[in-house]
Amino acid sequence: MAHKNSLTTGITDLLVLSILNRQDSYVYEISKTIANNSDGMLTISHNTVYTATYKLQEANMISEYTKLVGKKRTRVYYHLESKGKEYLNKLSEEYSKMTKGVQNVLGSLDAVEND
């Protein structure tokens, strides 16, 4: 089960950083963006996103700031830092290699099966 968790963590980091690369955002908005843009196939809980943002912030990859929303409510926004952009590029490369590798293996198995 540890593999699933590390895979989920890596994908969560990749998605959070990718969203923040486009624009500063807050946890609920990040979760909503993931669910909406994956046609509901990926649902990552607010807690998982909070955990990822906390870890990324501890590693100085993202920073946070508060913004007043309405008259009394503040919202915590996250901003991608240059160290986070470097990590995003690394994660994107690794994800591309991994998915291409998986597709190659599955494709070759299908080809053998159809012979």
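So, here's what we can say about the structure.

Rules of the game
- Residues numbered from 1 in each chain as written.
- Predicted model: local features only at pLDDT ≥ 70, side-chain atom pairs only at ≥ 80, totals over all residues.
- Heavy atoms only, no water.
- Pairing = 2+ DSSP bridges.
- Helix = DSSP H or I, 4+ residues; strand = E, 2+ residues; numbered from the N terminus.
- Core = buried A, V, L, I, M, F, W, Y, C linked by side-chain atoms within 4.5 Å.
- Buried < 20%, exposed > 50% of the residue type's maximum accessible area, 1.4 Å probe, protein only.
- Contact = heavy atoms within 4.5 Å.
- Salt bridge = Lys/Arg side-chain N within 4 Å of Asp/Glu carboxyl O.

Overview of the pairing of strand β2 (residues 73-80)
Working step 1: Here eight bridges tie strand β1 (residues 62-69) to β2, and the two strands are oriented antiparallel to one another. From the neighbouring strand, E64 faces β2, where its bridge partner is Y78.
Working step 2: What sits between β1 and β2 in their antiparallel hairpin is a turn of three residues, with G70 showing a positive phi close to 75°.

Remarks on the nonpolar core
Working step 1: Judged by nonpolar contacts, the single largest core of 18 residues is most densely connected at V16, L17, L20, I30 and I62.
Working step 2: Of all the secondary-structure elements, those providing two or more residues to this core are α1 (2-22), α2 (27-37), α3 (46-58), β2 and α4 (82-113).
Working step 3: Discounting residues that sit within four places of it in the chain, V16 has contacts with I30, V49, A52, T53 and L56.

Some remarks on the pattern of salt bridges
Working step 1: According to the stated counting rule, one finds two salt bridges in the structure shown.
Working step 2: A salt bridge links D13 to K55, with the nearest nitrogen and oxygen atoms 2.6 Å apart. Here D13 is found in helix α1, whereas its partner K55 is found in helix α3, with 42 residues between them in sequence.
Working step 3: Owing to a relative accessible area of 37%, K55 belongs among the partly exposed residues under this scheme.
Working step 4: For E94, the salt bridge identified is with K90, shortest N-O distance 3.9 Å. A residue pair is termed a helical-turn pair when its members lie 3 or 4 positions apart in one helix, as E94 and K90 do in helix α4 at four residues.

No statement about biological role is implied by the geometric values presented.
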